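# Overview (structure and organization)
Spelled out from the first residue to the last, the chains are:
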Amino acid sequence: MSAINKIHVAKFKDKAKSLHRAVKANDATALRRIAPYFNNVSEFKLTQAQLVIARELRCSSWRELVSNDDWVQCSFCKKWQYEVKNLVAGPDVYVCDECIEFCSGIIRDNLDDGQHAHA
Ligand SMILES: [Zn+2]
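Rules behind the numbers
Residues numbered from 1 in each chain as written. Predicted model: local features only at pLDDT ≥ 70, side-chain atom pairs only at ≥ 80, totals over all residues. Helix = DSSP H or I, 4+ residues; strand = E, 2+ residues; numbered from the N terminus. Rg over C-alpha atoms; globule rule 2.2 N^0.38 Å. Core = buried A, V, L, I, M, F, W, Y, C linked by C-beta atoms within 7 Å. Buried ≥ 20, exposed ≤ 12 C-beta atoms within 10 Å, placed from the backbone. Expected span 1.5 Å × (residues − 1). Arc of directions from axis to C-beta. Contact = placed C-beta atoms within 7 Å. Axes fitted to C-alpha atoms, helices over the stretch in contact; angles between N-to-C directions. Left-handed = near helix turned anticlockwise from the far one by under 90°. Nonpolar A, V, L, I, M, F, W, Y, C, P; charged D, E, K, R; others polar. Domains from an automatic or database assignment.

With that settled, consider the overall build of the chain. Looking only at helices and strands, the chain features 5 helices and 2 strands. Its helices and strands in sequence order give the chain the pattern α-α-α-α-β-β-α, from N to C terminus. In terms of overall size, the chain is more extended than a compact globule, its C-alpha atoms giving a radius of gyration of 19 Å where 119 residues would be expected to give roughly 14 Å. Counting only C-alpha atoms, the chain reaches 65 × 35 × 20 Å along its principal axes.

This is the structure we're talking about:
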């Protein structure tokens, strides 16, 4: 396992643990996330939380998720693709939905300023 892969796996384990905790605490969002996969909430296990995390990240199993070494990251904020909703690819660059939103705000503000200058 590469050093960078260890970092990914540690993050996936954290995600699975927090999902498992949230389900046990009857958190509505967590229950909605596991609903497509599991019905029996009272018996919900950490390995099942791991499977949900894997499926949400388009992997068929936890084993596949933790052995994946092809993750890409946003070229601007350096978040990994599994830490954001969307990642848009360009030639050798990626930009996440959060950075797109942030940049759109700046462009909108600049447009507004431009309009005020002419008013
Ligand atoms: Zn970003």
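In this structure, Leu 19, Ala 49, Val 52 and Ile 53 are the most contacted members of the largest nonpolar core, which totals 13 residues. Those elements giving two or more residues to this core turn out to be helix H1 (3-24), helix H2 (28-34), helix H3 (46-56) and helix H4 (62-67). If one sorts the elements of this core by residue count, H3 sits on top with 5 residues.

Right, let's get into H1. Taking 1.5 Å of rise per residue, 22 residues should cover 32 Å, and H1 covers 32 Å from first to last C-alpha, within 8% of that figure. What H1 keeps buried is the set Phe 12, Lys 15, Ala 16, Leu 19, His 20 and Val 23. Down the axis of H1, the buried side of the element spans an arc of 130 degrees, and every buried residue falls inside it. Facing away from the buried side of H1 by over 90 degrees, the exposed positions are Ala 3, Lys 6, Ile 7, Ala 10 and Asp 14. Turning to H1, the residues buried within the fold contact H2, H3 and H4.

Interaxial distance between H1 and H3 falls to 8 Å at its minimum, and their mutual angle equals 120 degrees. The interaxial crossing formed by H1 with H3 has right-handed handedness. Of the residues in H3, those in contact with Phe 12, Lys 15, Ala 16, Lys 17, Leu 19, His 20 and Val 23 of H1 are Leu 46, Ala 49, Gln 50, Val 52 and Ile 53. Looking at the contact of H1 with H3 residue by residue, the class counts come to 8 nonpolar, 2 polar and 2 charged.

Frequently, the measure chosen for interface size is the accessible area removed from exposure when the parts meet. Domain boundaries in the chain define domain 1 (3-69) and domain 2 (72-119). Domain 1 and domain 2 are separated by 29 Å when their C-alpha centres are compared.

All right, on to H3 then. Each α-helix turn comprises 3.6 residues. Residues three or four places apart therefore point the same way. Among the residues of H3, Ala 49, Gln 50, Leu 51, Val 52, Ile 53 and Ala 54 are the ones counted as buried. Considering only its buried residues, H3 is in contact with H1, H2 and H4. Following H3 by one or two positions, Arg 58 has its phi on the positive side, about 60 degrees.

What follows is about unusual backbone geometry. At Asn 26, a residue that is not glycine, the phi angle is positive and equals roughly 60 degrees. Checked against the element boundaries, Asn 26 lands in the loop between H1 and H2. Phi angles above zero are rare outside glycine, and Arg 58 is one such case at about 60 degrees. Tracing the chain through its elements places Arg 58 in the loop between H3 and H4. Its 10 C-beta neighbours within 10 Å are what place Arg 58 among the exposed residues.

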